[in-house]
Each structure stands twice: as structure tokens, then as C-alpha cells.
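Notes for the structure review
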Amino acid sequence: MRNIFGIVGWSGSGKTHLICRIIKYFDKKKLNVCSIKHSHHNFEIDKKGKDSYEHLKSGSKEVVIYNEYKFAMITKKKEKRITLKDIVKKFSSNTDIILIEGLKKGPTKKIEVYRESIKKPLLCQKDKNIKALIFDKISPKISQINLPKFHIDETIKIGSFILKEIKNEKK
């Protein structure tokens, strides 16, 4: 697959805030960055009464909403599972990197964002695809982990780490 890197962690850990900062960092480096937000919940992005909702309800399998500057595709719930590869194929061929927020059990390289106050287990202890740990404060639990560690505010260091990991993957 293409240059894909994940940002995982428990709800409330700071994934969204971090990924947005990393996207800005990559954008300043003139990289064409795209992102995927994984949701493990059933979600609806269209509202009852809107035209696109009515198209789906009438039987359209996919609806594209667009104007001259942007578009979005909405699909009906699929019978067959949608894979990460299926979604990655939707992105432009000139994409330099795809960041995924969520998808804890995904097959890609990723970093874990961990917030001590959430009191959840560390994901990196059971997932070999997690290549670094992002923390809000050092604790004995964090100190024991044998992975590169970054404070959640170290955006440039985290972004540089991700780029280095992707570069090493190509070798």
C-alpha cells in the first residue's frame, strides 16, 4: 500500500488535535497529505430531508455531492466489508502520505497517543505495528515502554519521526 501512517489511542487521548497539527506540519513541507477518520460507530453524514439523503433512500448506491471546488461521496451501507485498501484507492494518485486517525487494529504502522488520566491500557503492549508512544506526562507505565517516546506537544519531532518511518519502509 501507499505511504500510510496511523494515529491511534483511546477516545479523549488527543488524537484529533495531534493529527491536525501533523497535517499542518506536512502541508508546510509542501507534502500532499490526505487523511482518513475511522469510526467504529454507525454514523450518518446526511440528514433526512436533504436531496442526497433522498437519493440514497430512493435506491442510489452512491451519491456524490459537489460544486466546482469540493466533493463528497456518500454510500449506502455495503453488504460486503469495506477494507482499508478500498478507501485508499479513492485518494488521488499524487498523494504523498495518508494519515489515519483511529483504526486501532489496522495493519499499518502507527503511533499511539496515550493520556494517563484516561486510565486505559497501553495499546502498544499488544500491537507490534505501533512504532512510537506519544504521552502527556511521564509515568512509570510510560517509562517502561521500549519505544521512541514524544511529548504530545512535540509536533515537529513526531512529524519527522513519521516521515522517517515511511522512508525506511520503502527500503
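Let us look at the structure shown here. All values reported here derive from a predicted model rather than from experimental measurement.

For helix H1 (residues 15–28), built from 14 residues, the straight-helix expectation of 20 Å at 1.5 Å per residue is met to within 8% by its first-to-last C-alpha distance of 20 Å. Buried within H1 are the following residues: Lys-15, Leu-18, Ile-19, Arg-21, Ile-22, Tyr-25 and Phe-26. Here the buried residues of H1 occupy an arc of 160 degrees about the axis, which is enough to place them on one side. What points out from H1, more than 90 degrees from its buried face, is the exposed set His-17, Lys-24 and Lys-28.

In this structure, Ile-142 sits in helix H4 (residues 140–143). Classification of Ile-142 by relative accessible area gives buried; the value is 0%. Sequence separation between Ile-142 and Leu-122 is 20 residues; the distance between their C-alpha atoms is 8.7 Å. Every residue in contact with Ile-142, bar those within four places of it in the chain, is listed here: Tyr-114, Glu-116, Leu-122, Leu-133, Phe-135, Lys-137 and Lys-149.

Where burial is concerned, most of strand E1 (residues 4–8) is hidden: 5 out of the 5 residues are buried. Covered by surrounding structure in E1 are Ile-4, Gly-6 and Val-8 together with Phe-5 and Ile-7, the residues of both alternating faces. When E1 meets strand E5 (residues 97–101), the two strands line up parallel, connected through 4 bridges. When the sheet's bridge partners are listed, Phe-5 is paired in E5 with Leu-99. Relative to strand E6 (residues 110–114), E1 runs parallel, the two sharing 3 bridges. Across the sheet, residue Gly-6 finds its bridge partner in E6, namely Lys-110.

Conventions we followed
Residues take numbers from 1 onward in each chain, read along the sequence in its written order. In keeping with the predicted nature of the model, local features appear solely for residues at pLDDT of at least 70, side-chain atom pairs appear and are counted solely at 80 or more, and the whole-chain, interface and lining totals rest on all residues. Water and hydrogen atoms play no part in the side-chain values, which are based on all heavy atoms of the structure. A run of H or I in DSSP counts as a helix once it spans at least four residues, and a run of E counts as a strand once it spans at least two, with each numbered from the N terminus. To estimate the expected span of a helix, count its residues, drop one, and scale the result by 1.5 Å. Exposure categories follow from relative accessible area, calculated using a 1.4 Å probe and restricted to protein chains: below 20% of the type maximum is buried, above 50% is exposed, and the middle band is partly exposed. Working definition: the arc comes from the directions between the helix axis and the C-beta atoms, pointing outward to the latter. Pairs of residues are marked as contacts when any of their non-hydrogen atoms sit within 4.5 Å. Here, strands pair whenever DSSP counts at least two bridges between them.

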